[in-house]
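Survey of secondary and tertiary structure
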Amino acid sequence: MVQEYQSPVRVYKHPFELIMAAYVRRFPKCPLIPMFVDSEIISESQSDDGCVLVTERRCTIDIEAPRLLKRIAGVDYLYFIQKNSLNRRDRTLHIEVHNETFSNRVIVRERCSYTVHPENESWTCFEQSASLDIKSFFGFESSAEKIAMKQYASSIKKGKEIIEYYLRELEKAGVTYIPRWTSTVDSGTVTWRHQLPPPSAARAIPVNSAKDGLHCKDSSCSAELVAGSPDDKLDADYIRRYLGDLTPLQESCLIRLRQWLQETHKGKIPKDQHVLRFLRARDFNLDKAREFLCQSLTWRRQHQVDFLLDTWKRPQLLQDYYSGGWHHHDKDGRPLYILRLGQMDTKGLVRALGEEALLRQVLSINEEGLRRCEENTRVFGRPISSWTCLVDLDGLNMRHLWRPGIKALLRIIEIVEANYPETLGRLLILRAPRVFPVLWTLVSPLIDENTRKKFLVYAGNDYQGPGGLVDYIDREIIPDFLQGDCMCDIPEGGMVPKFLYRTAEELESEENRLLTDSIYKSASIYKGAPYELLIEITEASSVITWDFDVSKGDVVFNIYHSRRAPQPPRKETHGIASLGAVNPQLIDKSWVLGQDYSMVEKALMCREGESVQGSHITRWPGFYILQWRFLSSAACAASSMPRVDDVLASLQVSSHKCKIMYYTEVLASCDFRGSMTSLESCHSGFSQLSGTTTSSTISR
């Protein structure tokens, strides 16, 4: 497996020329890097005007590895070739490194660059990327990979320290300024001169400091970068200030996942803090975190969660009887949410509002929690990515174990765990009664192990003593109902009047409406029973548009045209035909392709997690059938399509069922003109396959 590394942008608040003077001092050997034994120049060339200098070095590296492994490999040192290309006019240094030792067994590539900061020409930026591919290593591939990654991570951490060390050495030697190189042409003769850089006011640069609105309280802040911009790179200081102390490899995972989203995800790019939560939830396993995040982004898009706080209005009944709310912050600066669960009539809320309304209430709390974390990060000047929840169980009894209420709670926990990982910093459970172990037995299996470790449970009045509430919350903000001095305006809850209860039919109707209030519809595709959608076109040149997400399994998407109206499908009740009852088949088995119907678009294979949009301009009136067909793994293997790093390849799904959510619309040609930018289908979502299908073909 290829291991990759991508650094954040590291900024030196020194001119490029001074950084270069410090850089060359680390050769031929650097005492600050014991593993860097020596180096020798094997070639050097310079342009006629002295602008470009290309230097190749052979570097000797002493890897800290077990003596036995070195003896098996038959080497004491490793040799690398380093090529430096310095352009004094452009003020850039590009470094390329590859291994000379074991080059037929191991492929090591590294690229570094020093460039002038785009917003302050008196500062210098550094970026670094590398890859390691161990094809074979005497049966010790795994050990060699771990050693190499450990050594490389160690050298990365010292990189900036080394430059700063030699900058101090230059300062001790009295060198604090080096003129910028320029050239002038006079009478055909090239001469050199040095030009002082123009004065530049030292100012705080907005490299990602304004990103996601972290510095700009005013929405009109002109320095804010557009999310998803290719030039929107992460700065090391920004990571430390707003995201926390990450190891070099953790920084690399964040940057690579973020770059992948910018390249493949068509839509709102999640904020860096949120991306980091998914990485932490999967212990910075990039593939697992990417799979996890893609599923959540699909869910957010389907249910339009990004707009929830702006579009959803809490019912008055929730405002009166839902006994929970935000209350200041804990001692670590985390937003504090208080839930008086024991005072809440969960049965009454479910009977009066339905499960879906409670779910939206919880989602809105989580969305508000994300906003408050960002705000507290600004206020306290340190990264705050999670909140504290205080749950008061005083009053909890057997009526809270009502089965539909437990079902609603389990569903809510499952959804929150899947879409808001690493957002709970601490959960304080107070005044737990005897019935609590029963409730805990029911819900704990759905809670992630790392999350369960953040739970602190206090029975009776234990929370008032040492190691209790005052260890986590300042005494002056402890609510009055917990014997504190702070007035808390959280609703007290109480019993929901039964005349507000709704019938089962009303709740079912409401649940269906709420579950389908998205413009998208969902469908299941079974092996042997594709999902088909009929669209009748009465006017030629009408445009069929589609937008669908593959949320489970792999599918093949086709569009067919027929002048004949498909007959109503016959109901089957046995064997595989029972799937036909779920997915009525519009294309009759007796139809012959090319005679009774024709394919008007090239078949498109769609991987799990992908989003696909496209359009087809109809040439003929008639009946068009959009078909999603199950794609087996055997078909994938036989396909000529290149296999890439399939995001969700390892996801455990049913081998005979796929799921999609889709949206289709038919536009008249006059309405379509100018309203769409492309007539081509494209993969725009969670895949590294980002291309277009063939253009629309003529219906025959």
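For clarity, every value in this text was computed on a predicted model and none was experimentally measured.

Right, let's talk about unusual backbone geometry for a bit. Here Phe27 and Pro28 are connected by a cis peptide whose omega angle stands at 5 degrees. You can see Pro28 is positioned in the loop between helix 1 (16–24) and strand 3 (36–46). One non-glycine residue with positive phi stands out, namely Arg431, at about 55 degrees. Tracing the backbone shows Arg431 in strand 14 (residues 424–432). On the accessibility criterion, Arg431 (15% relative accessible area) is buried.

For helix 5 (residues 248–264), which comprises 17 residues, the first-to-last C-alpha distance of 24 Å matches the rise-based estimate of 24 Å (1.5 Å per residue) to within 8%. The buried fraction of helix 5 is high, at 12 of 17 residues. Contacts made by the buried residues of helix 5 are with strand 1 (3–6), strand 2 (10–12), helix 3 (141–172), helix 4 (236–243), helix 6 (272–281) and helix 7 (286–303).

On the surface, Leu68, Ile72, Phe138 and Phe140 cluster together to form a nonpolar patch covering roughly 340 Å² of accessible area. Mapped onto the secondary structure, Phe140 falls in the loop between strand 8 (124–134) and helix 3.

Before going further, it helps to examine the packing of helix 5 against helix 7. Between helix 5 and helix 7, the least distance of the axes is 11 Å, while the angle of their chain directions is 40 degrees. Relative to helix 7, helix 5 is oriented oblique. Between helix 5 and helix 7 lies a crossing of right-handed hand. For the pair helix 5 and helix 7, contact is made by Cys253, Arg256, Leu257, Trp260 and Leu261 and by Leu286, Arg290, Leu293, Cys294 and Leu297, respectively. Grouping the amino acids of the contact of helix 5 with helix 7 by side-chain chemistry returns 8 nonpolar, no polar and 2 charged.

Our focus in this paragraph is the nonpolar core. Counting 50 residues, the largest nonpolar core has Tyr322, Leu349 and Leu393 as its most contacted members. Elements that contribute at least two residues to this core include exactly helix 9 (316–321), strand 12 (335–339), helix 10 (346–353), helix 11 (355–380), strand 13 (387–392), helix 12 (403–419), strand 14 and helix 13 (436–443). At 8 residues, helix 11 tops the list of elements feeding residues into this core. Counting residues in hydrophobic clusters, the runner-up holds 42 residues, among them Leu53, Phe80, Met149 and Ile162.

Bringing the environment of Arg475 into the picture now. Relative to the assigned elements, Arg475 resides in the loop between strand 15 (455–459) and helix 15 (504–515). Along the chain, Arg475 and Asp485 lie 10 residues apart, while their C-alpha atoms are 7.9 Å from each other.

The next thing to look at is the sheet that holds strand 14. Strand order in the open sheet formed by 5 strands is 11-12-13-14-15, and the pairing between neighbours is mixed. The sheet is open, and its two borders are formed by strand 11 (324–329) and strand 15, each paired with just one other strand. Each strand of the sheet is rotated relative to its neighbour by a mean of 20 degrees, with strand direction disregarded. Pairing of strand 13 with strand 14, which is carried by 6 bridges, proceeds in the parallel orientation. Bridge pairing links Trp387 to Leu424 in strand 14. Contacts from helix 11 reach strand 11, strand 12 and strand 13 within the one sheet, and its direction differs from that of strand 11 by about 10 degrees.

Considering all chains together, one arrives at 28 salt bridges under this definition. Measuring nitrogen to oxygen at the nearest pair gives 3.2 Å for the salt bridge that ties Lys135 to Asp133. A salt bridge links Arg426 to Asp330, with the nearest nitrogen and oxygen atoms 3.6 Å apart. In this pair, Arg426 sits in strand 14 while Asp330 sits in the loop between strand 11 and strand 12, placing the two residues 96 residues apart along the sequence. Residue class for Arg426 comes out buried when judged on its relative accessible area of 14%. With relative accessibility at 2%, the residue Asp330 sits in the buried group. In this structure, a network of salt bridges that share partners links the residues Asp330, Asp332, Arg334 and Arg426.

A separate point is the pairing of strand 4 (residues 52–61). In the sheet, strand 3 pairs with strand 4 via 9 bridges, with the strands oriented antiparallel. For Glu40, the partnering residue across the bridge sits in strand 4 and is Arg58. Between strand 3 and strand 4, which follow one another and run antiparallel, lie 5 residues, and Gly50 among them has a positive phi close to 75 degrees. Sheet topology note: the strand 4/strand 5 (residues 78–87) ladder contains 10 bridges and is antiparallel. Considered in strand 5, the bridge of Thr60 is made with Tyr79.

Cut-off values and rules
Residues numbered from 1 in each chain as written. Predicted model: local features only at pLDDT ≥ 70, side-chain atom pairs only at ≥ 80, totals over all residues. Heavy atoms only, no water. Helix = DSSP H or I, 4+ residues; strand = E, 2+ residues; numbered from the N terminus. Buried < 20%, exposed > 50% of the residue type's maximum accessible area, 1.4 Å probe, protein only. Expected span 1.5 Å × (residues − 1). Contact = heavy atoms within 4.5 Å. Patch = residues over 30% accessible without salt bridge, like charges linked within 9 Å, V, L, I, M, F, W, Y side chains within 5 Å. Areas by Shrake-Rupley, 256 points an atom, 1.4 Å probe, with all protein chains shown as cover. Salt bridge = Lys/Arg side-chain N within 4 Å of Asp/Glu carboxyl O. Axes fitted to C-alpha atoms, helices over the stretch in contact; angles between N-to-C directions. Parallel < 35°, antiparallel > 145°, perpendicular 65-115°, else oblique. Left-handed = near helix turned anticlockwise from the far one by under 90°. Nonpolar A, V, L, I, M, F, W, Y, C, P; charged D, E, K, R; others polar. Core = buried A, V, L, I, M, F, W, Y, C linked by side-chain atoms within 4.5 Å. Pairing = 2+ DSSP bridges.

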